[in-house]
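# Survey of secondary and tertiary structure
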Amino acid sequence: MAPQVGLSGTVPAPEPEGRHRPRVVIVGGGFGGLAAAQALDGADLDVLLLDARNHHCFQPLLYQAATAALSAVDIAWPIRHILAGQRNATVLMETVSGVDADHALVSTSAGDFGYDWLVLATGSTHSYFGHDAWEAYAPSLKTIEDALSLRSRVLTAFEQAEAAATAEERKRCLVFAIVGGGATGVELAGALAELARRTLPPDFRRASPDSARILLLEAGPSLLPTFPATLATDAQRRLERMGVEVRTSAKVEDVRENVLVVGGEQVDVGGAILWAAGVRASPAASWIGAAGDRNGRIRVEPDLSLPGRENVFVVGDTASLRDANGREVPGLAAAAKQMGRYAGKTIRARSEGRPAPAAFRYRDYGDLATIGRNSAIVSIGRLRLTGFVGWLFWGAVHIYFLIGLRSRFFVATSWVWSYLTNQRGARLILRRLPPAREEQRPGDAQGEKAPSKSAGGS
Ligand SMILES: Cc1cc2nc3c(=O)[nH]c(=O)nc-3n(C[C@H](O)[C@H](O)[C@H](O)COP(=O)(O)OP(=O)(O)OC[C@H]3O[C@@H](n4cnc5c(N)ncnc54)[C@H](O)[C@@H]3O)c2cc1C
């Protein structure tokens, strides 16, 4: 049986002997969870951060890892390293499977962890709108593993086109479809068009990567519904200039292996189908039996606490809130960070007997999306930027928000390098090859290795 690790349990905590400080358990080391942990730096509390992965991922740049512009280490960092300097914080790589709010316990495969305060920051995943079987044929982009797997799929399609026996087969290999015309879909489509039209052509002899057909399908009437209409139109025009076939009001009706059905038409997608539509919250609502909205997000009080549980906070993509300004808090990194910081500050104030901050208010710093080299759209208050100026602004903002000097330096230099040369350095296809078959000889049974045929000098 898994050990029980309660408040008096075995998790190492930097507290003076004989003294038990209240413990804050934070589930999730994404934008919200990390911000909550960092807001508790120096507080007279023990912070225990649990995450299923050992790294924090900068999801806004995942599409660049998926299209070989950046490598995984540029956009992900070990959580324990980020919190290494925070003496009251302990990090454990554990997957949480439930919460017993009556007994203040969080369950993991390593046992239960007791808490005085709990912050749930487990994020969200993609929604296939009730068609979960589509995921196998149209993978989405949420984690580093997803990005590397998508990168391999995309690059493999170009390899297959190069090896194809006929022109028709070659053409079929180079059809890509992206489902969902929000920021992720737009950014993926632009990056894929650049990869096909600018980076790959000189390296191929037969495939003609620049002839790739890239479809961007959006069920709604326009791309980028959260952006002002003028910017969304500008983005669509720029994508079309890059050779992306944009279809709006195009609802996907079925997805099978290398096949999409959209508006009654069957489209043969020999390259890859990428899913960038719909969001569903993590299953945290079911852990605590809380009311979820239609996307599974937990409805929280104005101070981000769970109704009826003052010591449980929910932040980021897992939380649903209309804030003090009456605005629905969006599922964005900036919102998750603000919520995490707010929950950390509230816990700190309450534990120190001080009044908690006023109700949470989301500060909207605007929307940004890049369409490709030289081109991005920016909407901040009344400010609208497009084209090269937008792209410079977009780049500066993303560099600023990366963690650590190393990442900032490498990402900035990668961008400058690929801007000047059209090159993308991370073009590796990662796949496990089948084991090489060797001729069986009698000695094999005793563990002796038979020399291969060629080594044996046949
Ligand atoms: C491809 C993509 C592009 C995006 N682009 C932008 C953008 O340009 N701008 C922007 O503002 N936002 C963007 N977002 C949204 C933004 O990344 C999210 O809003 C933000 O990450 C939410 O933060 P969070 O802390 O709620 O969750 P996350 O950052 O997703 O973190 C959740 C953490 O919880 C952990 N976890 C989950 N379940 C468990 C469990 N059972 N046990 C233990 N740990 C668990 C996960 O491993 C993860 O580390 C993008 C998202 C994606 C997927």
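Okay, so let's go over this structure. Predicted, not measured: the structure shown is a model, and the values here were computed from it.

Definitions and limits used
- Residues numbered from 1 in each chain as written.
- Predicted model: local features only at pLDDT ≥ 70, side-chain atom pairs only at ≥ 80, totals over all residues.
- Heavy atoms only, no water.
- Helix = DSSP H or I, 4+ residues; strand = E, 2+ residues; numbered from the N terminus.
- Buried < 20%, exposed > 50% of the residue type's maximum accessible area, 1.4 Å probe, protein only.
- Axes fitted to C-alpha atoms, helices over the stretch in contact; angles between N-to-C directions.
- Parallel < 35°, antiparallel > 145°, perpendicular 65-115°, else oblique.
- Left-handed = near helix turned anticlockwise from the far one by under 90°.
- Contact = heavy atoms within 4.5 Å.
- Pairing = 2+ DSSP bridges.
- Near = heavy atom within 4 Å.
- Polar contact = N/O pair within 3.5 Å; in protein donor to acceptor, adjacent residues only side chain to side chain.
- Areas by Shrake-Rupley, 256 points an atom, 1.4 Å probe, with all protein chains shown as cover.
- Nonpolar A, V, L, I, M, F, W, Y, C, P; charged D, E, K, R; others polar.
- Phe/Tyr/Trp six-rings, centres within 6.5 Å; stacked < 30°, edge-to-face > 60°.
- Lys NZ or Arg CZ within 6 Å of the ring centre and 35° of its normal.
- Expected span 1.5 Å × (residues − 1).
- Core = buried A, V, L, I, M, F, W, Y, C linked by side-chain atoms within 4.5 Å.
- Salt bridge = Lys/Arg side-chain N within 4 Å of Asp/Glu carboxyl O.

### Some remarks on the environment of Asp 74
Tracing the backbone through its elements, the reader meets Asp 74 in the loop between helix 2 (62-66) and strand 4 (76-78). For Asp 74, a relative accessible area of 5% translates into the label buried. C-alpha of Asp 74 to C-alpha of Glu 352: the two residues are 278 residues apart in sequence and 38 Å apart in space.

### A word on the packing of helix 10 (residues 387-401) against helix 11 (residues 405-421)
Between helix 10 and helix 11, whose axes approach to 9 Å, the crossing angle comes to 155°. Taken together, the axes of helix 10 and helix 11 are roughly antiparallel relative to one another. Crossing hand, helix 10 versus helix 11: right-handed. Between helix 10 and helix 11, the residues in contact are Phe 388, Trp 391, Trp 394, Gly 395, His 398, Ile 399 and Tyr 400 and Arg 408, Val 411, Ala 412, Trp 415 and Tyr 419, respectively.

### What to know about the sheet that holds strand 14 (residues 252-256)
Read across the sheet, three strands follow the order 14-15-16 without closing on themselves; strand pairing throughout is antiparallel. A single partner strand is all that each edge strand has here, and the edge strands are strand 14 and strand 16 (265-268). Across this sheet, the average inter-strand angle for adjacent strands is 20°, counted without regard to direction. Sheet topology note: the strand 15 (residues 259-262)/strand 16 ladder contains four bridges and is antiparallel. Bridged to Leu 260 within strand 16 is Val 267.

### Some details on the site of the ligand
Contacts to the ligand come from 27 residues, most closely from Gly 32, Asp 51, Val 96, Asp 317 and Ala 333. Between the ligand and the protein, one listed contact pairs an oxygen atom with a side-chain N or O atom of Gln 59 at 2.9 Å. Notes on the ligand: free accessible area 990 Å², of which the protein chains cover 86%. Contributing elements (two or more residues each) for the shell around the ligand: helix 1 (31-39) and helix 9 (333-351). In terms of residues, the shell around the ligand owes the most to one element, helix 9, which gives three residues. Considering only residue class, the shell around the ligand consists of 11 nonpolar, 11 polar and five charged.

### Quick look at the packing of aromatic side chains
Taken as a whole and judged by the stated rule, the model has 13 aromatic pairs. A ring pair is formed by Trp 394 and Trp 415, whose centres lie 5.1 Å apart and whose planes are at 35°; its orientation type is tilted. Linking Trp 394 in helix 10 with Trp 415 in helix 11, this pair joins segments that are 21 residues apart in sequence. As far as the burial class goes, Trp 394 and Trp 415 line up, both buried. Members of the aromatic cluster, each reached through a chain of ring pairs, are Tyr 128, Phe 129, Trp 134 and Trp 275. Sitting over the face of the ring of Tyr 419, Arg 373 holds its NZ or CZ atom 4.5 Å from the ring centroid.

### Some remarks on helix 6 (residues 183-199)
Taking 1.5 Å per residue, 17 residues should reach 24 Å; helix 6 reaches 23 Å between its end C-alpha atoms and fits that length. With 13 of its 17 residues buried, helix 6 lies for the most part within the structure.

### Quick notes on the nonpolar core
Side chains of a nonpolar character, in soluble globular proteins, are inclined to be buried together. If you look at the biggest cluster of nonpolar residues, it comprises 116 residues, and the most contacted ones within it are Leu 120, Phe 158 and Phe 176. Grouped together as the second largest cluster of nonpolar side chains are 18 residues, Tyr 128, Ala 138, Val 267 and Trp 275 included.

### Comments concerning the pattern of salt bridges
Throughout the structure, instances matching the rule amount to 22 salt bridges. The salt bridge partner of Asp 303 is Arg 350, with a shortest N-O separation of 2.7 Å. Of this pair, Asp 303 sits in the loop between strand 19 (298-299) and strand 20 (305-306) while Arg 350 sits in helix 9, and the two are 47 residues apart along the sequence. Accessibility expressed as a relative area gives 18% for Asp 303, which makes it buried. Connected via shared salt-bridge partners are Arg 213, Glu 245, Arg 247 and Glu 265.

### Section: the side chain of Thr 108
Tracing the sequence through the fold places Thr 108 in strand 7 (residues 105-108). Among the polar contacts listed, one links the side chain of Thr 108 to the backbone nitrogen of Ala 110, at a separation of 3.0 Å. Within the structure, Thr 108 has its side chain in polar contact with the backbone oxygen of Gly 111 (distance 2.9 Å). Apart from the residues within four sequence positions on either side, Thr 108 is in contact with Leu 50, Glu 94, Thr 95, Val 96, Ser 97 and Phe 113.

### Details of the sheet that holds strand 2 (residues 46-51)
Strand order in the open sheet formed by six strands is 5-2-1-9-21-20, and the pairing between neighbours is mixed. The sheet is open, and its two edges are formed by strand 5 (89-93) and strand 20, each paired on a single side. Judged from the five bridges that link them, strand 2 and strand 5 form a sheet pairing that is parallel. The partner of Leu 48 across the bridge, within strand 5, is Thr 90. Strands strand 1 (23-27), strand 9 (117-120) and strand 21 (309-314) of the sheet are contacted by helix 9, whose axis makes an angle of about 155° with strand 21.

### Quick word on helix 9
With 19 residues, helix 9 should cover 27 Å at 1.5 Å per step; its first-to-last C-alpha distance of 27 Å lies within 8% of that length. Turning to helix 9, its buried residues are Ala 335, Ala 336, Gln 338, Met 339, Gly 340, Tyr 342, Ala 343, Gly 344, Thr 346, Ile 347 and Ala 349. Contacts from the buried residues of helix 9 go to strand 1, helix 1, strand 9, strand 21 and strand 22 (319-320). Within two residues after helix 9, Gly 353 carries a phi angle of roughly 75°, on the positive side.

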